[in-house]
Every structure is written in structure tokens, then in C-alpha cells.
Amino acid sequence: MENKEISQAVIARLPRYFRYLGELKDEGIERISSQELSDIMKVTASQIRQDFNNFGGFGQQGYGYKVEYLYEEIGRILGLDMTHNLIIIGAGNLGQALANYMNFERRGFLFRGIFDNNPALYGKRIREMEVRPMEEMESFVRENHIDIAVLTIPKTGARAVAERLVDNGIRGIWNFAHIDLNVPKEIQVENVHLSDSLMKLAYNINRFEQEGGI
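Being a predicted model, the structure only gives us computed values, none of them experimental.

> Quick question: what am I supposed to make of the packing of aromatic side chains here?
Between two aromatic rings, the relevant description is the distance of the centres plus the angle of the planes. Evaluation of the coordinates by the stated rule reveals 10 aromatic pairs. Where Phe-18 meets Tyr-71, the ring centres are 4.4 Å apart and the plane angle is 15°; that geometry is what we call stacked. With Phe-18 in helix α1 (residues 8-26) and Tyr-71 in helix α4 (residues 67-77), the pair connects residues that are 53 residues apart, well separated along the chain. For the residue pair Phe-18 and Tyr-71, the accessibility class agrees, reading buried in each case.

Here it is, written out as C-alpha cells:
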């Protein structure tokens, strides 16, 4: 496949394809057409074909797609054929909930450590990890080949922590702090604003009711 720029809209749909194909594979379905996948995912068959053509197509005219093969190929595109070492910065409720979510490990995302600046939390065990002081973060990142940092801290300290992470070789930041980070372009950042999703839900509820509901 040639090296080409893929739109963020296409990339955003890949995890959905992966999730639905995983469910189909678990159900024992071996082959599926773009139209059948369209009916399940509520994405047009044309859009599905266009998305897959960005990566070589994967299917044959009149034959459809092999579910297991397509599942594995999309997983490879998403980088799920390798493991990623993660740390969590912020051992509050959200940080602990993420650390305890087992499905991440099944996808190759391995939490190696969790850090906080609250001495009352030091030594607390969250699954197999002890909460460590922030002073140990830099050496831990370097010594354990950490790829991704998860920020679940207040926005007031997020920029300074991100700079420390970048200086010590982090490659990606999953950012739950309510602030957008400015980092070098080679550092990948995914900003997650939970309130944005909730406000979008509120808007859709209001719009539906204004249009007369059901």
C-alpha cells in the first residue's frame, strides 16, 4: 500500500469496523458483503468500500469480505498487532476506572504504572500496580519503554506534565484533562472531553423533541 494521507474521518470509523467485525467473527460468520455490513453499522455500502479502498480494498467483486481476514487487517492498521506500554497520570476515580478496565489488555494496551502527586495514595494497589509519586515518572517512562501516557489530572497541571513526558520519550498522550495540549507534531495526542459527548447527547435529545419526537 502506498503511503498516502488518510482522512481523520476514515480513521475514526476504523475502530467501529473492528468492533463489529469482532462480533461477527465471534458469531461464526465467515463472509459479509458491504451491503450487509452497511445494514449493521448504519454506514452506506459506498462509504464502506471507499474507506477500505484507502488501504487496498480487502474484498472481491461479488464475493464480499472474509470477516476474519478483514478483522485482522484492520487490527493491523490500527496497530493492534503489537503491544503498547501505558502509564496513567492521576490515580483518582477516572484513573482507577481506566486501570481496572480489562478490555484494554485484550487489545494489546498494557498498563505498567500509575502516578499521582497525592502522598495519601502512594503505595495503594490498583490491580497489579502501586501508585507512585510523580517524582518517579521520568525514570519509569525511560526504563519501561512507555509509549503512551494517559492524563486524568486537572487541566492546571496538564501542560507541565505533558512537557515532562515529551522530554522523556513518550510517543502518544490520551488526554482526559479538560484542556487541549500543544506538543511537537511527532507526538500523537487524542483529546477526550467527556462533557463534549454529554452536551452532544443533550443537543440530540432537544432536537428530537423539537421536531415532534415519536
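> Teacher, can you tell me more about the nonpolar core here?
In a soluble, globular protein the nonpolar side chains are often hidden away together inside. Counting 21 residues, the largest nonpolar core has Tyr-17, Leu-21, Leu-37, Phe-52, Leu-70 and Ile-74 as the members making the most contacts within it. Contributions of two or more residues to this core are made by α1, α2 (34-41), α3 (45-53) and α4. Residue contributions to this core peak at 7 residues, all from α1. The contact partners of Ile-74, leaving out residues within four places of it in the chain, are Leu-14, Tyr-17, Phe-18, Leu-21 and Phe-52.

> What's the story with the pairing of strand β3 (residues 84-89) in this structure? I'm lost.
Within a regular beta strand, the side chains point alternately toward one face of the sheet and then the other, so they alternate between its two faces. Among the 6 residues in β3, 6 count as buried, and that is most of the element. Neither face of β3 is left uncovered, since the one carrying His-84, Leu-86 and Ile-88 and the one carrying Asn-85, Ile-87 and Ile-89 both have all their residues buried. With 6 bridges joining them, β3 and strand β4 (residues 109-116) adopt parallel strand pairing. Bridge pairing links His-84 to Phe-109 in β4. Where β3 meets strand β7 (residues 148-151), 4 bridges bridge the pair, whose relative direction is parallel.

> What exactly am I supposed to notice about α3 here?
It helps to recall that an α-helix has 3.6 residues per turn; residues three or four apart then point in one direction. When we look at burial in α3, the residues that qualify are Ala-45, Ile-48, Asp-51 and Phe-52. Each buried residue of α3 sits inside an arc of 125° when the element is viewed along its axis, so together they form one side. Buried residues belonging to α3 abut α1, α2, β2 (65-66) and α4.

> How should I be thinking about the sheet that holds β4 in this particular structure?
By way of backbone hydrogen bonds, the strands of a sheet pair with one another, either parallel or antiparallel. Taken together, the 7 strands give an open sheet; going across it, the order is β5-β6-β4-β3-β7-β8-β9, and neighbouring strands pair in mixed fashion. With one partner strand each, in any of the chains shown, β5 (125-126) and β9 (188-191) form the two edges of the open sheet. Bridge analysis of β7 against strand β8 (residues 172-175) gives 4 bridges, and the strand direction is parallel. If you follow Ala-149 over to β8, its bridge partner there is Ile-173.

> Mind showing me how you'd approach the pattern of salt bridges here?
Note that side chains of opposite charge can pair when their charged atoms are close. Applying the stated criterion across every chain yields a total of 8 salt bridges. Here Glu-128 ties to Arg-125 by a salt bridge, and the two come within 4.0 Å at their closest N and O atoms. Sharing partners across several salt bridges, the network here consists of Arg-125, Glu-128 and Glu-130.

> Just to check I follow, could you spell out the side chain of Arg-13 for this structure?
Positionally, Arg-13 belongs in helix α1. In terms of polar contacts, Arg-13 uses its side chain to reach the side chain of Asp-51, at 2.7 Å. The residues touching Arg-13, leaving out its near neighbours within four places in the chain, are Gln-47 and Asp-51.

Parameters and conventions
- Residues numbered from 1 in each chain as written.
- Predicted model: local features only at pLDDT ≥ 70, side-chain atom pairs only at ≥ 80, totals over all residues.
- Heavy atoms only, no water.
- Phe/Tyr/Trp six-rings, centres within 6.5 Å; stacked < 30°, edge-to-face > 60°.
- Helix = DSSP H or I, 4+ residues; strand = E, 2+ residues; numbered from the N terminus.
- Buried < 20%, exposed > 50% of the residue type's maximum accessible area, 1.4 Å probe, protein only.
- Core = buried A, V, L, I, M, F, W, Y, C linked by side-chain atoms within 4.5 Å.
- Contact = heavy atoms within 4.5 Å.
- Pairing = 2+ DSSP bridges.
- Arc of directions from axis to C-beta.
- Salt bridge = Lys/Arg side-chain N within 4 Å of Asp/Glu carboxyl O.
- Polar contact = N/O pair within 3.5 Å; in protein donor to acceptor, adjacent residues only side chain to side chain.

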